[in-house]
Each structure stands twice: as structure tokens, then as C-alpha cells.
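Okay, here's what each chain looks like letter by letter:
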Amino acid sequence: MAIINNIDKRKETVKVSKDSPFPNWLIFLNDARDTFLVNYLGFEIVNKLEQVDPSSAADEDKKYIKILPLARRVLGPYAVMLSNDEMSIN
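Throughout what follows, the structure given in this document is the object of discussion. (Residues numbered from 1 in each chain as written. Predicted model: local features only at pLDDT ≥ 70, side-chain atom pairs only at ≥ 80, totals over all residues. Heavy atoms only, no water.)

1. As for the overall build of the protein chain
Thinking step 1. Looking only at helices and strands, one finds four helices and zero strands in the protein chain.
Thinking step 2. A compact globule built from 90 residues would reach a C-alpha radius of gyration of about 12 Å, and the protein chain, at 13 Å, matches this within 12%.
Thinking step 3. Expressed along its principal axes, the backbone C-alpha trace of the protein chain runs to roughly 45 × 25 × 15 Å.
Thinking step 4. Burial analysis of the protein chain (90 residues in total) assigns 32% to the buried set.
Thinking step 5. Of the accessible surface of the protein chain, which amounts to about 5,900 Å², a share of 52% is contributed by carbon and sulfur atoms.
Thinking step 6. In the protein chain, which carries 12 positive and 13 negative side-chain charges, the distance between the mean positions of the two groups comes to 7 Å. (Helix = DSSP H or I, 4+ residues; strand = E, 2+ residues; numbered from the N terminus. Rg over C-alpha atoms; globule rule 2.2 N^0.38 Å. Buried < 20%, exposed > 50% of the residue type's maximum accessible area, 1.4 Å probe, protein only. Areas by Shrake-Rupley, 256 points an atom, 1.4 Å probe, with all protein chains shown as cover. Lys, Arg positive; Asp, Glu negative; His and termini not counted. Charge placed at Lys NZ, Arg CZ, Asp CG, Glu CD.)

Written out as C-alpha cells, the structure reads:
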């Protein structure tokens, strides 16, 4: 599971057209993850954020579930910034 894994999660962070195919965003989300989140949070935390189940009740997962919305808020706009040229976004 990715930090942002569908267009609805994406729409929670930035305005996007509902006609915008989610697979077109994957490369930019992955680039944003690698260049920004991993750089600041570290690979282990980002990896855990990608694997955590938001409905989990395990004590070990609670701290990651709290961070997940914040990571999405960073990842969404940063991915849009990376996609400006290729996706002709103004």
C-alpha cells in the first residue's frame, strides 16, 4: 500500500480533476516520496507508512497512523510541483 494509493486520497491534499487518471500521478508521487519524504523521515519510517493499515488497532501502528495524513499533505503538493512541466499544469 502506498502513502497515497488512489485519486480520492490525492484529492484530500490537492485539487485534481476527477478525470485525471491516477496511474499518471504514480511516477511523481514516487519521485516526491524518494526525494522529499525519505530525505527527511528516513527510509524505515517511510516504508512503515507505506505498509501500515489505517484501520489497525495495534499500539505499534498508532504513531504511524497519526503521521500518515501529514505525510500525505506533504506528498501531494510536492508531486504536483514535480509534474508541472510534463503534465502542463499552471
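From this point, things continue past the structure.
2. A look at the packing of helix α2 (residues 22-41) against helix α3 (residues 43-51)
Thinking step 1. The N-to-C vectors of α2 and α3 enclose an angle of 115 degrees; their axes lie 7 Å apart at closest approach. Where α2 abuts α3, its residues Arg33, Leu37, Val38 and Leu41 lie against Phe43, Ile45, Val46, Leu49 and Glu50. (Axes fitted to C-alpha atoms, helices over the stretch in contact; angles between N-to-C directions. Contact = heavy atoms within 4.5 Å.)

3. Topic: the side chain of Arg33
Thinking step 1. Structurally, Arg33 can be placed in helix α2.
Thinking step 2. Accessibility expressed as a relative area gives 19% for Arg33, which makes it buried.
Thinking step 3. With residues up to four places along the chain from it excluded, the contact list for Arg33 reads Val38, Val46, Glu50 and Leu75.

4. Observations concerning the pattern of salt bridges
Oppositely charged side chains can form a pair if their charged atoms are brought close together.
Thinking step 1. Taken as a whole and judged by the stated rule, the model has five salt bridges.
Thinking step 2. With a shortest N-O distance of 2.9 Å, Asp34 and Arg33 are connected by a salt bridge.
Thinking step 3. In this structure, Arg33 and Glu50 form a salt bridge, with 3.0 Å as the shortest nitrogen-oxygen distance. Residue Arg33 is located in helix α2, and its partner Glu50 is located in helix α3; the two are separated by 17 residues in the primary sequence. Of the two residues, Arg33 and Glu50, neither departs from the other in class, the shared state being buried.
Thinking step 4. Each of Arg33, Asp34 and Glu50 takes part in a single network of salt bridges with overlapping partners. (Salt bridge = Lys/Arg side-chain N within 4 Å of Asp/Glu carboxyl O.)

5. Description of α2
Thinking step 1. Between its first and last C-alpha atoms α2 spans 25 Å; for 20 residues at 1.5 Å apiece the expected length is 28 Å, and the helix comes up short by more than 12%.
Thinking step 2. Turning to α2, its buried residues are Phe22, Trp25, Phe28, Leu29, Ala32, Arg33 and Leu37.
Thinking step 3. Backbone geometry just after α2 places Gly42 at a positive phi near 95 degrees. (Expected span 1.5 Å × (residues − 1).)

6. As for a nonpolar patch on the surface
Thinking step 1. A contiguous nonpolar patch, built from Tyr40, Leu41 and Ile67 and spanning about 290 Å² of accessible area, is present on the exposed surface.
Thinking step 2. Along the chain, Tyr40 turns up in helix α2. (Patch = residues over 30% accessible without salt bridge, like charges linked within 9 Å, V, L, I, M, F, W, Y side chains within 5 Å.)

7. Observations concerning the packing of aromatic side chains
Thinking step 1. What the rule picks out here adds up to two aromatic pairs.
Thinking step 2. For the ring pair Phe36 and Tyr40, a centre distance of 5.0 Å and an interplane angle of 50 degrees mean the geometry is tilted. Taken together, the residues span about one helical turn, with Phe36 and Tyr40 both in helix α2 at a distance of four residues.
Thinking step 3. Residue class for Phe36 comes out partly exposed when judged on its relative accessible area of 26%.
Thinking step 4. On the basis of relative accessibility, which here comes to 61%, the residue Tyr40 falls in the exposed class. (Phe/Tyr/Trp six-rings, centres within 6.5 Å; stacked < 30°, edge-to-face > 60°.)

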